[in-house]
Every structure is written in C-alpha cells, then in structure tokens.
Amino acid sequence: LMARTGLLAAIAALAAIGHAAATPGPGVFDLYYNSPWTPAYLHYNPGSGWNSIPGAAMSPSQNSSFPASAGWQFVEVGGNAVTFVMTDGHGNWDNNGGQNYDTTDPGVYALQAGKLTTVQTFGKACPGAPTQCDGHGTCDKSTFTCTCSAGYFGADCSGECPGGAATPCSGHGTCGADGTCTCAVGWDSCTAAKDCSTSVASDPKNCGSCGAVCEVGPGVATAACSDSECKRTCTSGYTLCPDGTCHKGDGCPLPGCQTYQDNECTGDIIITDPSFADHMWQTPAPGAPGYRPSFQSYATLQGHANVVYAADRQSATVRVVTIQKVDTVKLTYSFGGVSQQSPNKTFTASAAVAMSLGLGRDAVVAGPVAVVVSGSDGSSLTLEPLDFLWANPAVTHASGDYRNGQKGAIVELFGWPHKDIAEECADLGKMGYMGAKVYPLQEQVMSDEPFQNVMNPWYFMYQPMSYKLEGRMGSRDDVRAMTKACREAGVRTYADAVINHMVGNGNDARYLHRDGNCNMWGPKNSSAGPNPSPSFSQGFAYEPNANTGKSPMQEFPAVPYGPLDFHCERALNSWTSPLDLNAGWLTGLTDLNTERDSVQQRIADYMTDLLGIGFSGFRIDAAKHIKPDDLVGIFSKLKYNLGGSLPDDFIVWMEVLLGGEADMLLCNEASGYNYGVYLQTALQTAGFSAAEIDQLKIWFSAYPKQPGADCGKLNMQRKVIQNDDADQQMPGSSSRDMQNAGSVLVKDRDIPKHRAFEIELFTNPPGSSDNDNDYPIRVVLSSYYFDIAHQPYGIPDGKSDCSLCQGPSCSTCTYSMNYTKAHQPDAEGYAGPVYTRVHRDDQIVGAMRKWMKLD
C-alpha cells in the first residue's frame, strides 16, 4: 500500500511539472520502471517489429519524482502505440503474466509491480527524430507512416540503401523496404557492402555467382567469363565435364545427389574384384592440390618393415617391403643413417652375437633405428623407427603367483593417456597388478567437428588410419617411455590391437563427401595432429579421385593397404552367418580381407612392432569378425617373426562376444565358425604347443551370468574374465547382458554393488571350481564417471572439449568433456570426481593380492 501511495504521489508531481520532467513530444514513448534489475531492458514493438533481445537498456532515473535510489529506471524510444515486456537480460521476464504490456498513445508511463500507469499522453507522429521521416520521406497523417524517398528505407526512412542514396544498389538493382538489394540479371552482391556492384556476367573471380573463379589453373588451359558462364578448355590428362569444370583423368562428378555404388556385393561374394587394383595410388604427389608433407611419396612409393627374430631373440633380420607405382625406379635403403642397396639388414643385441654372425659393430643396437627408403626419381619414404625386444627391461616380481606372466590381474585403463599410465605403473606394481591394458595405439580418426553432439567420441580410437604409433593417447615416444616405466615397475603392458578393419566407410581424409540427400561434409583428421597419413574409402563419394581419375576406393598408404586388401562392401545382416560375421562391414567399418596372406603378414608385422617396443601381448578387438582360420594364419606368422615360438610371458585375449550364436562360436566345432575346439585343433595342426595354445585366450563375455555358455569346450586356462568392460561405457549397449550377476558402474551408479562384483572376480568367480588355477587372467576396468544418458561418448583427455570445435556445426556440440588428469598419486578407488580408478579400491586390491598370494 505504501509503495502504491508513493507511485500515485510521483505521478501527481510529474503531471504538475509537465514537460519539465523530460523532453517528450509527439511520437515519443517514455517509461519509468521500478525494478531491482540493474539494468532492466525494454524489449518492445512500436508497430514495425520487435527490437533485438534483450532490448533497450534502461538507465537510472534522473527525475526526483521517480528517484533512482528507490529503484526507478528510465528509457525513451520512438513509437505511437507500443507493445513491450521487461527483462534482466538473463532469461527473467516481466511480461504482464504472458499477455505483454500495451499502450495506444505516445506519452509518459510508469510500471511498478505489474501495474502500468499512464502519466501523460501526447499526439501521434510519424517516426523519425528530430525530423519526421528523418527528412527523407513524407508522413501520412492518417496512418502516421512514412513513404521513403528513393535511396532510403526503414520505418523512419533513416536507412540509406547499399550503394548510396544517389545510386541505390549501384544502379544495378532495386532496394527493398528492409534495405536489401535485389540485383538485376548479370549483377550480384559479392562484397560486404551487398550493393549489386559485381558483374557476375564478366568478372573472372565471380563468374555466374559470387566466388565462382574462372581462371587458368591446374588442369585448366584457358578460361573466359562471358554471359555469366565460364568457358574453359582443359589441359592434357583432364576432362571437360558437363558442369564446365576440368577434372583429372577420364571421369566427372556424378550428377545430382548420386554417389558411387562400386564394389558393393551380396550373396556369397566377399572378394573385391581384381579390376579395382587400378584404383590405387590416390594420394596427391608433392606440389599437387591437397598434398601435405606427411604424405611423403605415397603417390608412388609405399612400404613397411618386416622384422624376423632368431630363435634366441638376440638378433633380428629386417626386410623393408615396398610397393612401387613404377617398378623401374631404383631404391636405396638407409638404416640408422647408413645407406645400402639391399632392403635387408640384420641387427643384434650385443657385440658377441654380432661377431658370432660375422657382422660388424654397426649391427649392434639398443635404441630405435631410423629407416628411410629413397628412389632414383627423388621419391622418399620414412618408416616407423625399429624397436627390438632385447632393448626392453626385464619384468621381475619379488613374490607372488605370476607364473611368468601367465597368471595375474590386468587393469584396463579406459581413456588414460600413455603418460598417465607411465606414472600410474609405479603404484600398479606396488599394489600387485600384473599388467595394464592400453587403448588403441595406432593413428586413428579425429575430427574438428562434433559427431553425435560429441567431439571425438571414444570409439573413434577403434578406426585406424595407419599402423603408426601416433594414437590419441600419445606418440610413439610416449609409448616407448610408458612400456619402459611400467616394465621397470614390474608391470607388463598389453595393447588393444585393432586388426579387423580400418576407418568407417566415408570417415576418411578425402576432401569432400556427399550423401543421397546432397548433405556435404569434409575430411576427417587424424590423431597424428599436423602430420596425418592419407586415407581413402569408397563411401559417400561422388567425384573421381584426382590422381587416378577413378572412383575412390579403400587405400591406406602408410600401412600400406590397397583396394584388394579389403572385402567388398556388404552389410552385416546376420549374426549367425559365418560369411556375414567374417566379411560383413561391422557398423560400416572397412573390413580387411584377412584371408589374404599379405594382410595376415602385415598384421603380424604390426604385432611384432608392438612387442618390440615393449608390450607383452594383446587384446584382439572384434576377433569374432576374423574367422578362426585367418587368426591361425596371423598367429603363425607372428610366431615365425618371433623366432619360431611365442615368448614365455606372452598372452592374447580375443574379443569374441557371445549372444544367441554362442553354440556356433564355442560349442559346435563343426559349425564352420568355431573359436572353441575347432580353433584349438587348427592351432595344433599349425604347430602350436599346448602351452602356446593356452597363451591364445578368449575374452569370455558370458561371464559372470552364463559361465557354462561354452558347453565345457573351452579350457579354463584360455578364458579371460571381467565384470565391467569398455563396451558398456555407452548408452544402449547390449553386448553383455549381465543382469543381476554383474554391474556396470556408469549405469548402476551403485559403488557397493560394483565393488562386490569386482571382489567376487578374485574370491569366488562364477564357474570356477579351482580359484587358484581357473581363469588365470582377470581384468578390472577403470573408467570415468559421466551421465551415460546425456554424455555418451567423450573422453576427459581434453580432446572431447567443445571449445576445440571448428566449422559450421559447432552449435551441435552439446556434450563437452573438459580435461582432467588421469593419474593422481593419492587418489582412492571410486572417489572420482572424473576418473573412477576402481583398481585403487583397497578392498578390491586386497582380494586381488590374496588371489595372487601376495598377502
């Protein structure tokens, strides 16, 4: 009541002094507003449209009748009949209960506590100040609207048309009521002035439309812009296409929204037709458009190193395997800076070994060896440095039941950078863990733009672009430092080997992609940062490769893999069909033809490189999609590379997810696709000993819910078990339905429940009758907390931070993950707030140590 009385007194005082309170007049709207907002904003519509949010800022009242000290603010705008609302600029509104405030006459108004009071009204007038229609139009006294003179626009005619009032739209168009120029035929607005000043009929830099360049360039012999059309002739080796452009080779872009449908197959066909071999050599050459220094000479020369150890693994022979576009080019090979004509070089661990082999002192190496291939045509290829088994520190344990690496607990460090793992290993060793599983190390897909609202989701790590150790989690040098630190701490490391496929179809470095609706997107980057490897796939392509003139095809020059190293594109439609499981493109991932001997060898050479840099074994990702016979071929070649036997502490666990097809995969050895007795028998036939077969294990996804899912066909020594796992770190995952037999921490959010199942892993795992000897390898996942319903895929390594986004779709990056350091020396298990560090929980560590006979 007192506030209301004060307002009435203020109104009376203002009315008494009339215009002394302000300088309003016809066509002016004055508002006094009582509010704690500082400042308040007037968002209003004077009849010509609403002003932009938040609106016109108010200032403290200078009128003693509406004192600023009492919360009064003032604003003056033009308008005859004003509709308005008030806001604080931060999402809070005073809008008359959603009805807006309305006035019908110019004048002075006061608003307090939702009550709008008229203080004084004035006559209506056309907009414009101090002169109606701003002196550039005529006022209609019946409607109080302006008709603007030529060259001016706006409700008050204060706007000057682009090009100037004297020559609106540069004399080549008409100026609309909103000040936008509509250009005449042959003219356009290609500058910031938007004034129709560009002749697209003849301008070679804007021919037919803004930015359409019509000039001599790569492949273009002549170019002239006439009548808005670029008339070109093409140089030799280029084709003049229907759209008037010159494209290298014999082909032109597909019309409309079409994309290439080459190399797609159905029925029993899984092999890429040999005719696609001539789609290789897609990388631009030095000096060509799109070339980057990291592309080296992949346009004509590709290769890798094959390392074969002697039986004692104290010496190894390196053979550089190359493929050339022109076979007549002579190659020279440099090992550690010493050039030679032969692609072969033997290295040893010591001078004594070198002497026994009749080799010189330059054969003795401890550190990494650089390898460079040079061609007589000026081509050059730098391979990954060579790391050798003998250079790695021995892993030792003062006590415990480790059985030389054949029994122990492994921590799966989900989303941990290599440098953090190197730091964590000191504590892992003290706690008693046998090893740490490291996420994919190879160069992998990365992006500057979000995918499914996330920057660089974690599953991009499972899309290789090469076998260079330049992954998201760190460089090759970081890997070497990590394995060394871990081995010195008594901790083995295990690599996540992605060998079934390369990138997702269309998720490559090709310049432009298009879908059937003409949605376009550019190239993916790689985890190698400024030094990416080139990568090509056939998906979503609509123009021929500039270097082959043919449709794009699978090629990964830094591996190297070419078109014939992949299965033809086919959907994975059946989970019970051996053919589909082996050759289908799992979620669109470009599927390697692991039946090919050369592909098996390249995979084995990659694994040999990982062992050389210090790893003790592997998790084989998507092993279920590599048929058992192909795995035998890969392991046989790896064994040969390692001197004819597997290292004593070596282990592998293959990801074979079980579902309704468990009988085919594990029970029925005659199913044609069996990882149980059939695979074991095939390994025996290939010369693997019983002990070596036990080293080649299966990740038993039926644990803990269905421990008998293998029908008793799988040796307990070959089963690797785990409660929580990486595949469950995403919404909707149904790869393992543990129900009440297990717990996924980020889904259940129940620490006591999760801890109990992790302890059970070491004290009484379902299916075990001999806890000391059954399931000798047991894995603990340490992940990170996130809202699995709303932040499905990012990693807190700083590379899923939306602030890194570049490009037009950044507004869709809604689930950002900021950087958090993974290793915290004093952190406790489950404490968070980001990384879970489950492996540090005292109760879990205690159960593990008792199982390992450390306590």
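About the cut-offs
- Residues numbered from 1 in each chain as written.
- Predicted model: local features only at pLDDT ≥ 70, side-chain atom pairs only at ≥ 80, totals over all residues.
- Heavy atoms only, no water.
- Helix = DSSP H or I, 4+ residues; strand = E, 2+ residues; numbered from the N terminus.
- Rg over C-alpha atoms; globule rule 2.2 N^0.38 Å.
- Buried < 20%, exposed > 50% of the residue type's maximum accessible area, 1.4 Å probe, protein only.
- Contact = heavy atoms within 4.5 Å.
- Areas by Shrake-Rupley, 256 points an atom, 1.4 Å probe, with all protein chains shown as cover.
- Lys, Arg positive; Asp, Glu negative; His and termini not counted.
- Charge placed at Lys NZ, Arg CZ, Asp CG, Glu CD.
- 1 Å grid on protein atoms, 1.4 Å probe; cavity = no way out; pocket = protein on both sides within 12 Å on 5 of 7 lines; lining within 4 Å.
- Points joined across faces, edges and corners; volume = space filled by probe spheres on them.
- Nonpolar A, V, L, I, M, F, W, Y, C, P; charged D, E, K, R; others polar.
- Core = buried A, V, L, I, M, F, W, Y, C linked by side-chain atoms within 4.5 Å.
- Arc of directions from axis to C-beta.
- Axes fitted to C-alpha atoms, helices over the stretch in contact; angles between N-to-C directions.
- Parallel < 35°, antiparallel > 145°, perpendicular 65-115°, else oblique.
- Disulfide = S-S within 2.5 Å.
- Pairing = 2+ DSSP bridges.
- Right-handed = clockwise from strand over helix to strand, strands pointing away.
- Phe/Tyr/Trp six-rings, centres within 6.5 Å; stacked < 30°, edge-to-face > 60°.
- Lys NZ or Arg CZ within 6 Å of the ring centre and 35° of its normal.
- Salt bridge = Lys/Arg side-chain N within 4 Å of Asp/Glu carboxyl O.
- Left-handed = near helix turned anticlockwise from the far one by under 90°.

Draft legend 1. View of the overall build of the protein chain. Helix and strand content of the protein chain: 13 helices and 43 strands. Its C-alpha atoms give the protein chain a radius of gyration of 36 Å, more than 25% over the compact-globule value 29 Å for 855 residues. The dimensions of the protein chain, computed from C-alpha atoms along their principal axes, are 110 × 75 × 55 Å. Looking at the protein chain as a whole, 53% of its 855 residues qualify as buried. Considering only intrachain contacts with a sequence separation of at least 6, the fraction spanning at least 24 residues in the protein chain is 63%. For the protein chain, the accessible surface area stands at approximately 34,500 Å², while carbon and sulfur atoms represent 53% of it. Taking the average place of the 58 positive charges on the side chains of the protein chain and the average place of its 87 negative ones, the gap between the two points comes to 6 Å.

Draft legend 2. Structural detail: empty space enclosed by the protein. Taken as a whole, this structure holds four cavities of 30 Å³ or more when the rule is applied. The volume enclosed by the largest cavity comes to roughly 300 Å³. Lining the largest cavity are 25 residues, and of these His304, Ala305, Glu384, Arg602 and Asp609 lie nearest its centre. Broken down by element, the lining of the largest cavity gets its largest block of residues, six residues, from strand E23 (residues 301–309). The residue makeup of the lining of the largest cavity, split by class, is 12 nonpolar, six polar and seven charged.

Draft legend 3. Just the nonpolar core, in detail. Core analysis: the largest hydrophobic core is formed by 150 residues, its most contacted members being Phe388, Tyr561, Phe618 and Met654. The element best represented in this core is helix H6 (residues 597–612), accounting for seven residues. Excluding residues within four positions of it along the chain, tyrosine 561 makes contact with Tyr467, Met502, Glu555, Phe556, Phe566, Leu592, Val599, Arg602 and Ile603. In terms of nonpolar packing, the next biggest core, distinct from the first, is built from 15 residues, Tyr33, Met58, Phe84 and Leu111 among them.

Draft legend 4. Quick peek at unusual backbone geometry. Cis peptide bonds are those with omega within 30 degrees of zero, and the linkage from isoleucine 53 to proline 54 qualifies with 10 degrees. Note the cis peptide between tyrosine 703 and proline 704, where omega equals 0 degrees. Residue position: proline 704 is located in the loop between strand E41 (696–700) and strand E42 (719–722). The backbone of serine 228 sits at a positive phi, close to 65 degrees, despite the residue not being glycine. By the secondary structure assignment, serine 228 is in the loop between strand E19 (220–226) and strand E20 (229–234).

Draft legend 5. Spatial organisation of helix H9 (residues 677–685). Along H9, the residues that are buried comprise Leu679, Ala682 and Leu683. Angularly, the buried residues of H9 cover 100 degrees about the axis, an arc narrow enough to put them on a single face. Glycine 687 occupies a position one or two residues after H9 and carries a positive phi of about 100 degrees.

Draft legend 6. Layout of the packing of helix H3 (residues 418–431) against helix H4 (residues 476–488). At a closest axis distance of 8 Å, the pairing of H3 and H4 adopts a crossing angle of 10 degrees. Compared by their axis directions, H3 and H4 come out roughly parallel. Only Asp478, Val479, Met482, Ala485 and Cys486 of H4 make contact with H3, whose side of the interface consists of His418, Lys419, Ile421, Ala422 and Cys425. Taken together, the residues of the contact of H3 with H4 break down into seven nonpolar, one polar and two charged.

Draft legend 7. Summary view of the side chain of histidine 418. Looking at where histidine 418 falls in the secondary structure, it is placed in helix H3. Leaving out residues up to four positions away in the same chain, histidine 418 has contacts with Val438, Leu441, Met473, Gly474, Ser475, Asp478, Val479 and Met482.

Draft legend 8. Quick look at the state of the cysteines. One pass over the full model with this rule turns up 17 disulfides. With a sulfur-sulfur separation of 2.0 Å, cysteine 126 is cross-linked through a disulfide to cysteine 139. Residues cysteine 126 and cysteine 139 are joined by a disulfide whose S-S torsion is about 85 degrees; by sign, that bridge is right-handed. Taken together, the positions of cysteine 126 in the loop between strand E10 (115–121) and strand E11 (137–140) and cysteine 139 in strand E11 put the pair 13 residues apart, joining distant regions of the chain. Owing to a relative accessible area of 22%, cysteine 139 belongs among the partly exposed residues under this scheme. Between the sulfur of cysteine 805 and that of cysteine 810 lies a disulfide, 2.1 Å long from S to S. Across the disulfide from cysteine 805 to cysteine 810, rotation about the S-S bond amounts to roughly -95 degrees, and the bridge is consequently left-handed.

Draft legend 9. Summary view of the pairing of strand E40 (residues 651–656). Burial analysis of E40 places six of its six residues in the buried class, which makes it a mostly covered element. Judged by which residues are buried, E40 turns out to be covered on both faces: Ile651, Trp653 and Glu655 on one side and Val652, Met654 and Val656 on the other are all buried. Here four bridges tie strand E39 (residues 617–620) to E40, and the two strands are oriented parallel to one another. Note that in E40 the partner of arginine 619 across the bridge is tryptophan 653. Once the chain exits E39 it traverses helix H7 (residues 628–641) before rejoining the sheet at E40, and the crossover so formed is right-handed. Of the pairings in the sheet, the one linking E40 to E41 comprises five bridges and is parallel in character. From the neighbouring strand, methionine 654 faces E41, where its bridge partner is isoleucine 698.

Draft legend 10. Looking closely at the packing of aromatic side chains. The tally for this structure, following the rule as stated, stands at 35 aromatic pairs. Ring centres 5.8 Å apart and planes at 50 degrees place the aromatic pair phenylalanine 451 and phenylalanine 460 in the tilted group. Owing to a relative accessible area of 34%, phenylalanine 451 belongs among the partly exposed residues under this scheme. The rings of Phe414, Trp416, Tyr439, Phe451, Trp458, Tyr459, Phe460, Tyr462, Tyr784, Phe786, Tyr793 and Tyr835 are connected pair by pair, giving a single aromatic cluster. Geometry around phenylalanine 347 places lysine 345 over its ring, the cationic atom sitting 5.9 Å from the centre. Over the aromatic face of phenylalanine 688 sits the side chain of lysine 639, whose NZ or CZ is 4.5 Å from the ring centroid.

Draft legend 11. Region of the structure containing the pattern of salt bridges. Across all of its chains, the model carries 34 salt bridges by this definition. Here aspartate 427 makes a salt bridge to arginine 840, at a shortest N to O gap of 2.7 Å. One end of the pair, aspartate 427, is in helix H3; the other, arginine 840, is in the loop between strand E43 (777–782) and helix H13 (842–851), and 413 residues separate them in sequence. The two residues aspartate 427 and arginine 840 agree in class, both being buried. Between aspartate 609 and arginine 476 there is a salt bridge, with its nearest N and O atoms 2.7 Å apart. You can see aspartate 609 sitting in helix H6 and its partner arginine 476 sitting in helix H4, a full 133 residues away along the chain.

Draft legend 12. Molecular detail of the layout of surface pockets. Reported here for the second largest pocket is a volume of approximately 1,100 Å³. Lining of the second largest pocket is provided by 38 residues; of these, Pro289, Gly290, Tyr511, Glu543 and Ala546 occupy positions nearest its centre. Put simply, the parts of the chain that give the lining of the second largest pocket at least two residues each are strand E22 (246–248) and strand E37 (525–526). No other element matches the three residues that E22 contributes to the lining of the second largest pocket. The residue inventory of the lining of the second largest pocket, partitioned by class, reads 21 nonpolar, 11 polar and six charged.

Draft legend 13. How the structure looks around the packing of H6 against H7. Interaxial distance between H6 and H7 falls to 8 Å at its minimum, and their mutual angle equals 50 degrees. It follows that H6 is oblique to H7 by the angle criterion. The hand of the H6/H7 crossing is right-handed. Residues Asp597, Gln600, Gln601, Ile603, Ala604, Asp605, Met607, Thr608 and Leu611 of H6 pack against Asp630, Gly633, Ile634, Lys637, Leu638 and Asn641 of H7. Among the residues making up the contact of H6 with H7, the classes are represented as six nonpolar, five polar and four charged.

Draft legend 14. Just the sheet that holds E39, in detail. On the basis of which strands lie adjacent, the closed barrel formed by eight strands has the order E30-E31-E33-E39-E40-E41-E42-E43 and parallel pairing. Sheet twist, expressed as the mean angle between neighbouring strand axes with direction ignored, is 30 degrees. Where strand E31 (residues 435–438) and strand E33 (residues 492–497) come together, four bridges link them in parallel fashion. Within the sheet, the bridge partner assigned to glycine 435 lies in E33 and is arginine 492. Sitting on the sheet, H3 touches strand E30 (408–413) and E31, and the angle it makes with E31 is about 165 degrees.

Everything listed here is a matter of geometry and, on its own, says nothing about what the molecule does.
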